[in-house]
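Secondary and tertiary structure notes
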Amino acid sequence: MDNRTGLPVVGMVGGGQLARMTHQAAIALGQSLRVLSEKADDSAALVAADVRIGTHTDLAALREFAKGCDAVTFDHEHVPTAHIAALAAEGVKIYPGAEAIVFAQDKQRMRERLAELGAPIPRWRPVTDTSDISDFVAEHGLSWPVVAKAVRGGYDGRGVWMVGGAEAAADLVGTGTPLIVEERVPLRRELAALVARSPFGQVAAYPVVETVQQDGICVEVLAPAPGLSEALAVQAQQLAIDLANALGVVGLLAVELFETEAGIFVNELAMRPHNSGHWTIEGARTSQFEQHLRAVLDYPMGETSLAAPAVVMANVLGGQPGGISIDERLHHLFAEDPGARVHLYGKQVRPGRKIGHVTVCGDDMTTVRARAVRAARWLQEGS
Ligand code: ADP
C-alpha cells in the first residue's frame, strides 16, 4: 500500500512498452506502477516515477523489488520459474505463478499440457535426434515444409523456421537449439482470444480478434474478427476461459489461434498484456492493461465489450533511417486523420522494431482498417 494514497503498489518486472502502457492504466486507478527495468532509458523507465534498475534473472534484485508491493507481475515471460516460486513461497503475491507461466515460456511443456487437456493443437513432436523431423514427416504422411520452433526464447517469429527438407532439418537440429516440430497448418487466418482471470477465479473474455502477421510479426489486429461466426467466436472464448482456469492463470491470458477449414487450433499462449489486445485501450470498455492490474489485485473485472463496431490496431515498426522526423510525421498524420489514436513507446528506432501503434475506431471495418494501416505506414516510412 502506498501510504500517501491508500492505494496498492503494483510492481512490474520488465521496462518495455507493455509496462509503459500498464503504467498509464495504473495512473487512472490512483496507482503508480513500480518498474524493474534493465536500463534507465527503457520504454517504461522513461515515464514511471518508481523505477528500480536491475535484471529479472537476479533473485536478490527481484526480492528487493517486491518489498512493499501489493502484487508483482511481468511485462515479459523470461523470469525463471524458480525465482517466481521462491518469491511466492516468501509470501509475495506474484502473478501469474510459476506453475502457470512455464506454459508460456516453454513451447514443449505448452504442447504437452494442451494435449493432456484435449485442446485442439497441430500435430507435433519434441526433437532430440537429427532424424526426428524427417521421421515426423514420414510418420504422419506430411509434405514439407514443416515448422520447427525453439522450445524457449523465441518471439516475433524469431525461433520459428519453415523447414523445407531432410537436409535443412538435420542442419537445424545440428545447431543444438532445443526444438519441437509441428505440421504446417493450412491457415485461413490467425485469431486471438484474450481473457483475464483473478485469484478469486473471476474470468472476463474480450471479443475474439483477427491478427495479421508479416514475417512472424503481428502488424494488424482487427476487432472483432471480421465474419467470424458466433459459434466459432464462442468456442474460441470458451477455450481461452477453460485454459485460464485449467492452468491457474492470474492476469491476462492471450491464446493465439489458427483458423482452418477444419476449425481452430491453439498456436501459442502468452500470460501478460499482449499485442493482440492493444486495441482495447480505445476500442473496449476496459483496456487490457487496466484489466491485468485489476486481475493481479483481485479486483472485480471490467467490462470487455467493444466501444465501437469496428476497431483496428496497426503496429508502427521502425523504418529505414532518414526522411522527415517522427515529430514531423505526427504533425502530418494528425492533420490528415484527427481520429487516429497514436501510441509511441519512446523507443529508439531500429528497422523492424515495434516502436508504437495506431488505433482507429469506427463503423465500417474496411474504412477503419485502411485508415489505421495508412497512419502506421506514414509514421513508419514518412511517405
Ligand atoms: P513466436 O513465439 O515467435 O510468436 P509463433 O509460434 O507464434 O512464434 O509463430 C510465429 C508465426 O509463424 C505464426 O504467427 C504463424 O504465422 C506462423 N506459424 C507458426 N506455427 C505455424 C504452423 N504450425 N503452421 C503454419 N504457420 C505457423
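In this report, the structure presented in the accompanying data block is examined. Note that the structure is a prediction, hence the values are computed from the model and not measured.

Side note on the overall build of the protein
A tally of helices and strands in the protein yields twelve helices and 17 strands. The C-alpha atoms of the protein give 21 Å as radius of gyration, which agrees with the globular expectation for 383 residues (21 Å, within 12%). Viewed in the frame of its principal axes, the protein has a C-alpha envelope of about 65 × 55 × 45 Å. Of all 383 residues assigned to the protein, the portion counted as buried reaches 54%. Expressed as a percentage of contacts within the protein between residues at least 6 apart in sequence, the contacts between residues at least 24 apart total 62%. Of the roughly 16,300 Å² of accessible surface on the protein, 51% is carried by carbon and sulfur atoms. Considering the protein, the positive charge centre built from 34 side chains and the negative charge centre built from 45 side chains are found 3 Å apart.

A short note on the sheet that holds strand 2 (residues 34-37)
As summarised here, the arrangement of the four strands in space is 3-2-1-4, forming an open sheet in which the pairing is parallel. Each end of this open sheet is capped by a strand with a single partner; those strands are strand 3 (50-53) and strand 4 (71-74). Averaged over all pairs of adjacent strands, the angle between strand axes in this sheet comes to 20 degrees, irrespective of strand direction. With three bridges joining them, strand 1 (residues 10-13) and strand 2 adopt parallel strand pairing. Its bridge partner lying in strand 2, G11 is registered against R34.

What to know about the pattern of salt bridges
Evaluation of the coordinates by the stated rule reveals 22 salt bridges. E259 serves as the salt-bridge partner of R189, at 2.6 Å between the closest nitrogen and oxygen. Here R189 is found in strand 9 (residues 189-197), whereas its partner E259 is found in strand 13 (residues 251-260), with 70 residues between them in sequence. You'll find R189 and E259 in the same group, each marked buried. Across the salt bridge formed by R369 and E220, the nearest N and O atoms sit 2.5 Å from each other. Note that R369 is positioned in helix 12 (residues 365-381) and E220 in strand 12 (residues 217-223), a separation of 149 residues in sequence.

A word on the nonpolar core
Looking at soluble globular proteins, one finds that nonpolar side chains tend to be buried together. In terms of nonpolar packing, the biggest core is built from 34 residues, with L253 and L269 touching the most fellow members. Those elements that place two or more of their residues in this core are helix 4 (98-105), helix 5 (107-116), strand 9, helix 8 (230-247), strand 13 and strand 14 (263-270). In terms of residue count, the dominant contributor to this core is helix 8 (eight residues). L269 has contacts with E77, F103, A104, M110, L114, L243, L247, L253, A254 and V255, leaving out every residue within four places of it along the chain.

Thoughts on helix 1 (residues 17-28)
Given a rise of 1.5 Å per residue, twelve residues ought to cover 16 Å, and the 17 Å separating the end C-alpha atoms of helix 1 matches this to within 8%. Where burial is concerned, most of helix 1 is hidden: nine out of the twelve residues are buried. Every buried residue of helix 1 is accounted for by Q17, L18, A19, R20, M21, T22, H23, A25 and A26. Buried residues in helix 1 make contact with strand 1, helix 9 (280-283), helix 10 (288-296), strand 16 (341-344) and strand 17 (354-362). Looking one or two residues beyond helix 1, the residue adopting positive phi is G30, at roughly 85 degrees.

Considering unusual backbone geometry
The omega angle of the peptide bond from Y95 to P96 is -5 degrees, so this bond is cis rather than trans. Inspection of the secondary structure puts P96 in the loop between helix 3 (81-89) and helix 4. Of the consecutive residues A223 and P224, the connecting peptide bond is found in the cis state with omega at -5 degrees. With respect to the helices and strands, the residue P224 is situated in the loop between strand 12 and helix 8. Here D215, not a glycine, exhibits a phi torsion of approximately 50 degrees, which is positive. Taking the relative accessible area as the measure of exposure, D215 reaches 77% and is therefore exposed.

Section: the site of the ligand
Around the ligand lies a shell of 20 residues, among which K149, G157, V185, E190 and E268 are the nearest. At a separation of 2.9 Å, an oxygen atom of the ligand approaches a polar side-chain atom of N267. Here an oxygen atom of the ligand sits 2.8 Å away from a polar atom, N or O, in the side chain of E268. For the ligand, the protein covers 91% of the area, taking 540 Å² as the surface of the free molecule.

Description of the side chain of Q380
Along the chain, the position of Q380 falls in helix 12. In this structure the side chain of Q380 is engaged in a polar contact, spanning 3.3 Å, whose partner is the backbone nitrogen of L317. In contact with Q380, not counting residues within four places along its chain, are N315, V316, L317, G318, G319 and R329.

Quick word on the packing of helix 2 (residues 59-66) against helix 3
Where helix 2 meets helix 3, the axes come as close as 10 Å, and the angle between the chain directions of the two elements is 40 degrees. With respect to helix 3, the element helix 2 is oriented oblique. As for how helix 2 packs across helix 3, the hand of that crossing is right-handed. From helix 2, L59, L62 and R63 reach across to helix 3, where they touch H83, A86 and L87. Across the contact of helix 2 with helix 3, the residue classes break down as four nonpolar, one polar and one charged.

Details of the packing of helix 1 against helix 10
Packing of helix 1 against helix 10 brings their axes to within 8 Å, and their N-to-C directions diverge by 75 degrees. As summarised for this structure, helix 1 and helix 10 are arranged roughly perpendicular, according to the angle between their axes. Residue-level contacts link L18, M21, T22, A25 and A26 of helix 1 to F289, E290 and L293 of helix 10. Class assignment of the residues belonging to the contact of helix 1 with helix 10 gives a composition of six nonpolar, one polar and one charged.

Reading the values: the criteria
- As a convention, each chain's residues are numbered from 1 in the sequence order in which they are written.
- Per-residue local features are limited, in this predicted model, to residues with pLDDT of at least 70; the limit for side-chain atom pairs, both in listing and counting, is 80 or more; totals at the level of whole chains, interfaces and linings are taken over all residues.
- Note: side-chain values were computed over all heavy atoms of the structure, leaving out hydrogens and water.
- Helix numbers and strand numbers start at the N terminus; a helix is a DSSP run of H or I with at least 4 residues, a strand a run of E with at least 2.
- Each radius of gyration is computed over the set of C-alpha atoms, and the globule rule expresses the reference value as 2.2 Å times the number of residues to the power 0.38.
- When a residue's accessible area, from a 1.4 Å probe over protein chains only, is under 20% of the maximum for its type it is buried; when over 50% it is exposed; and in between it is partly exposed.
- By definition, residues are in contact when any of their heavy atoms lie within 4.5 Å.
- Residue burial considers only the protein chains on display, and all accessible areas are found by Shrake-Rupley using a 1.4 Å probe.
- Asp and Glu count as negative and Lys and Arg as positive, but His and the ends of the chain are not part of the count.
- All charge positions are set by atom: Lys at NZ, Arg at CZ, Asp at CG, Glu at CD.
- We call two strands paired when DSSP finds no fewer than two bridges between them.
- Simply put, an axis is a line fit to the C-alpha atoms, just over the touching stretch for a helix, and the angle between two N-to-C directions goes from 0 to 180 degrees.
- The salt bridge definition used is simple: a Lys or Arg side-chain nitrogen within 4 Å of an Asp or Glu carboxyl oxygen.
- For the purposes of this section, nonpolar cores are sets of buried Ala, Val, Leu, Ile, Met, Phe, Trp, Tyr and Cys residues that join through side-chain atoms within 4.5 Å.
- Multiplying 1.5 Å by the residue count of a helix minus one yields the expected span of that helix.
- Residues are labelled near a given molecule or strand when at least one of their non-hydrogen atoms is within 4 Å of it.
- What qualifies as a polar contact is a pair of N or O atoms within 3.5 Å, subject to a donor-acceptor requirement within protein and to the restriction that residues adjacent in sequence count only when both atoms come from side chains.
- Throughout this description, any angle smaller than 35 degrees is read as roughly parallel, any larger than 145 degrees as roughly antiparallel, any in the 65 to 115 degree range as roughly perpendicular, and the remainder as oblique.
- What makes a crossing left-handed is the near helix being turned counterclockwise from the far one by less than a right angle; a clockwise turn instead makes it right-handed.
- Each residue is assigned to one of three groups, with Ala, Val, Leu, Ile, Met, Phe, Trp, Tyr, Cys and Pro labelled nonpolar, Asp, Glu, Lys and Arg labelled charged, and all others, Gly among them, labelled polar.

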